[in-house]
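What the coordinates show
In case you want the letters, here they are:
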Amino acid sequence: MKAEKTLRVCEKGHKYFKSSECPSCPTCNKENKPGSGFLSKLSSPARSALVHEGINTLQKLSMYTEKEILKLHGIGPASLPTMKKSLEEAGLEFKE
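The notes below deal with the structure included here. (Residues numbered from 1 in each chain as written. Predicted model: local features only at pLDDT ≥ 70, side-chain atom pairs only at ≥ 80, totals over all residues. Heavy atoms only, no water.)

A side chain with one charge may pair with a side chain of the opposite charge, provided their charged atoms come close. If you walk through the whole model with that rule in mind, you get two salt bridges. Residues Lys-41 and Glu-89 are paired through a salt bridge, measuring 3.8 Å at the closest nitrogen-oxygen approach. In this pair, Lys-41 sits in the loop between helix 1 (26–32) and helix 2 (44–52) while Glu-89 sits in helix 5 (residues 80–89), placing the two residues 48 residues apart along the sequence. For Glu-89, a relative accessible area of 55% translates into the label exposed. The partner of Glu-66 in a salt bridge is Lys-84, with the nearest N and O atoms 3.4 Å apart. Taken together, the residues Glu-66 in helix 4 (residues 66–70) and Lys-84 in helix 5 connect sequence positions 18 residues apart. For Glu-66, a relative accessible area of 28% translates into the label partly exposed. For Lys-84, a relative accessible area of 34% translates into the label partly exposed. (Salt bridge = Lys/Arg side-chain N within 4 Å of Asp/Glu carboxyl O. Helix = DSSP H or I, 4+ residues; strand = E, 2+ residues; numbered from the N terminus. Buried < 20%, exposed > 50% of the residue type's maximum accessible area, 1.4 Å probe, protein only.)

As enumerated under the stated definition, the model contains zero disulfides in all. Of all cysteine sulfurs, the one in Cys-28 lies closest to Cys-25, which takes part in no disulfide; the gap is 3.8 Å. By relative accessible area, which is 4% here, Cys-25 ends up buried. Just so you know, Cys-28 is unpaired, no disulfide at all, and the nearest cysteine sulfur is the one on Cys-10, 3.7 Å from it. (Disulfide = S-S within 2.5 Å.)

Bringing the nonpolar core into the picture now. Soluble globular proteins tend to pack their nonpolar side chains together in the buried interior. In terms of nonpolar packing, the biggest core is built from 16 residues, with Leu-50, Leu-61, Ile-69, Ile-75 and Met-83 touching the most fellow members. Elements that contribute at least two residues to this core include exactly helix 2, helix 3 (58–61) and helix 5. Other than its neighbours up to four places away in sequence, Leu-61 contacts Phe-38, Leu-50, Ile-55, Ile-69, Met-83, Leu-87 and Phe-94. (Core = buried A, V, L, I, M, F, W, Y, C linked by side-chain atoms within 4.5 Å. Contact = heavy atoms within 4.5 Å.)

This part takes up the environment of Ser-19. Along the polypeptide, Ser-19 turns up in the loop between strand 2 (15–18) and helix 1. A relative accessible area of 35% places Ser-19 in the partly exposed class. Along the primary structure Ser-19 and Val-9 are separated by ten residues, whereas in three dimensions their C-alpha atoms are 13 Å apart.

Right, let's talk about the side chain of Ser-79 for a bit. Counting through the fold element by element, Ser-79 comes out in the loop between helix 4 and helix 5. Of the residues examined, Ser-79 reaches a relative accessible area of 9% and is grouped as buried. Not counting residues within four places of it along the chain, the set of residues in contact with Ser-79 comprises Leu-42 and Ala-46.

Below you can see the structure in the form of structure tokens.
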């Protein structure tokens, strides 16, 4: 059974429909997407989860294990290869 989508309005006045409890506005997410860096390669939910935790650099990301990152709401297994590749390109890796 699908949840019913409800009309919402963000604090900037953007209108959007959503069925989940997640308060993020799709329009704001697009406007806030970085133009470069590893965060720009991730989906909006994954990017928001990392930023919410204060993980906005590869150095900070390397201080966590893959398991810890996967526990964050908004991060799924599909995001890990992108993060691993970005870490490898910088000569870093996830914490063991």
